Amino acid sequence: MSFEDVQIPDAMLEVMRTARSIVVMTGAGVSAESGIPTFRDALEGLWAKYDPEDLATPAAFRDDPARVTRWYDERRLRVTSCRPNPGHDALARLEAIVVERGSSFTLLTQNVDRLHQAAGSRHVVELHGSLLEWRCTKTGEQRTYLDPTPFESYPPPSEHGGLLRPGVVWFGESLPAEAVRAADAAVSACDVFMSIGTSSVVYPAAEYLYQARENSAWTIEVNLDPTPASHFVNWCIAGKSGEVLPVLVAAL
Ligand code: OAD
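Going along each chain's sequence as written, the residues are numbered from 1 onward. At least 70 in pLDDT is required for a residue's local features to be given in this predicted model, at least 80 for side-chain atom pairs to be given and counted, and no such filter applies to totals for whole chains, interfaces and linings, which use all residues. Side-chain numbers come from the whole structure's heavy atoms, not from hydrogens or water.

Digging into the overall build of the protein
This is how it is decided: Each helix is a run of DSSP H or I of at least 4 residues and each strand a run of E of at least 2, with the numbering of both proceeding from the N terminus. C-alpha atoms define the radius of gyration, and 2.2 Å times the number of residues to the power 0.38 defines the globule rule. Each residue is assigned to one of three classes by its accessible area relative to the maximum for its type, calculated with a 1.4 Å probe on protein chains only: buried under 20%, partly exposed between the two thresholds, exposed over 50%. We call two residues in contact whenever any of their non-hydrogen atoms come within 4.5 Å of each other. For accessible areas, the Shrake-Rupley method is used with a probe of radius 1.4 Å. Any residue's cover is judged against the shown protein chains and nothing else.
Summing up its helical and strand segments, the protein has eleven helices and nine strands in all. Its C-alpha atoms give the protein a radius of gyration of 18 Å, within 12% of the compact-globule value 18 Å for 252 residues. Across its three principal directions, the C-alpha atoms of the protein cover 55 × 35 × 30 Å. Going through the 252 residues of the protein one by one, you find that 52% of them count as buried. Taking the contacts inside the protein whose residues are at least 6 apart along the sequence as the reference set, 69% of them involve residues at least 24 apart. Accessible surface, the protein: about 11700 Å² in total, of which carbon and sulfur atoms supply 52%.

Spelled out as structure tokens, the structure:
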């Protein structure tokens, strides 16, 4: 899709121009153009190659901590070499425009790659944690590991006699309480909710769009493929976020 092909409805732009509070929720699709694999895309999605039950659950970590921590550290190292794409940059610009005019902006992300922050987004709520944060299984102490070198051994030992586990949310775990508080507050107050680059199938994150809709917010989806949410939004734009978002933000 070329930039000329992106069609942004005028009514949608007008709603975004006058919104008092915008919430954007992103998924792996926003990072796809930075070279980070999504989860459910048919061929190269992570869950097409690996069974999440073997890698992304507390039981998987308990049964084989070496395998789980090696896999997450490989993803951490890949992310440290990736850069934000035009979709991330456009969302950082959108935040600046909205905040500059005195409205509020919150970016809820399911992504664990910190590319939104690298692009300059500041009001980011990490619903599923971050690959760069690892915490001690004994003390819970959490630290950021930006160094693009692998851990020396797997599972990496902590300084307190425990193990280090990735600071991401596994299936069956609760979302970080602070993230839920921030997301609930933002979603209940927003008058525009945008869902971008997510298959909208993982809860509780996928619920936020419906909550916003219940609160009479305008809802927008920007996604490469149709999702279960596509029928419920006011505007559904099919396309790559790295192509659609720059055109959308430039038109505001
Ligand atoms: P998915 O892989 O489930 O969905 C990615 C979505 O992005 C798909 O609907 C694609 O059509 C779309 N997509 C792909 N490339 C795109 C692009 N360039 N521009 C726009 N859209 C694009 O990833 P998520 O919805 O993020 O959770 O998955 C949600 C959660 O499931 C993840 O946070 C992770 C995963 O298991 C945990 O690990 C807890």
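Back to the write-up after that little detour.
Brief notes about the packing of aromatic side chains
How two aromatic rings sit relative to each other is given by the distance of their centres and the angle of their planes. Keep this limit in mind: Note on aromatic pairs: the rings of Phe, Tyr and Trp (six-membered ring only in Trp) are paired at centre separations within 6.5 Å, and the planes decide the class, stacked below 30 degrees, edge-to-face beyond 60, tilted for the rest. In this analysis the charged atom, NZ for Lys or CZ for Arg, is taken to sit over a ring once it is within 6 Å of the ring centre and within 35 degrees of the ring normal.
Summed over all chains, the structure comprises eleven aromatic pairs. Between Tyr50 and Trp71, the ring centres sit 5.3 Å apart and the planes meet at 65°, which makes this aromatic pair edge-to-face. With Tyr50 in the loop between helix H3 (46–49) and helix H4 (52–55) and Trp71 in helix H6 (residues 65–80), this residue pair connects regions lying 21 residues apart in the sequence. Relative accessible area serves as the criterion here: at 33%, Tyr50 is assigned to the partly exposed category. Given the relative accessible area of 5%, Trp71 is considered buried. One aromatic cluster is present, built from ring pairs that chain together Phe39, Trp47, Tyr50, Phe61, Trp71, Tyr72, Trp170 and Phe171. For Arg76, the ring lying beneath its charged end belongs to Phe151, and the centroid distance is 5.1 Å. Across the ring face of Trp170, the terminal group of Arg165 is positioned such that the distance to the ring centre comes to 3.7 Å.

Overview of the environment of Ser174
For Ser174, the location among the structural elements is in the loop between strand S6 (164–168) and helix H9 (177–189). Using a relative accessible area of 67% as the deciding quantity, one classes Ser174 as exposed. For the pair Ser174 and Gly239, spaced 65 residues apart in the sequence, the C-alpha separation amounts to 31 Å.

Let's talk about the nonpolar core
Note the cut-off: Residues belong to one nonpolar core when they are buried, are Ala, Val, Leu, Ile, Met, Phe, Trp, Tyr or Cys, and are joined through side-chain atoms within 4.5 Å.
Membership of the largest hydrophobic core comes to 29 residues, with the highest contact counts inside it found for Ile8, Val24, Leu94 and Met194. Secondary structure elements with two or more residues in this core: helix H1 (10–18), strand S1 (21–26), helix H7 (86–100), strand S2 (104–109), strand S7 (192–196), strand S8 (218–223), strand S9 (235–238) and helix H11 (241–251). Looking at this core, the element that brings in the most residues is H11, giving five residues. If we skip the residues at most four places from it in the chain, Val24 touches Leu91, Leu94, Phe105, Thr106, Leu107, Leu108, Met194 and Ile196.

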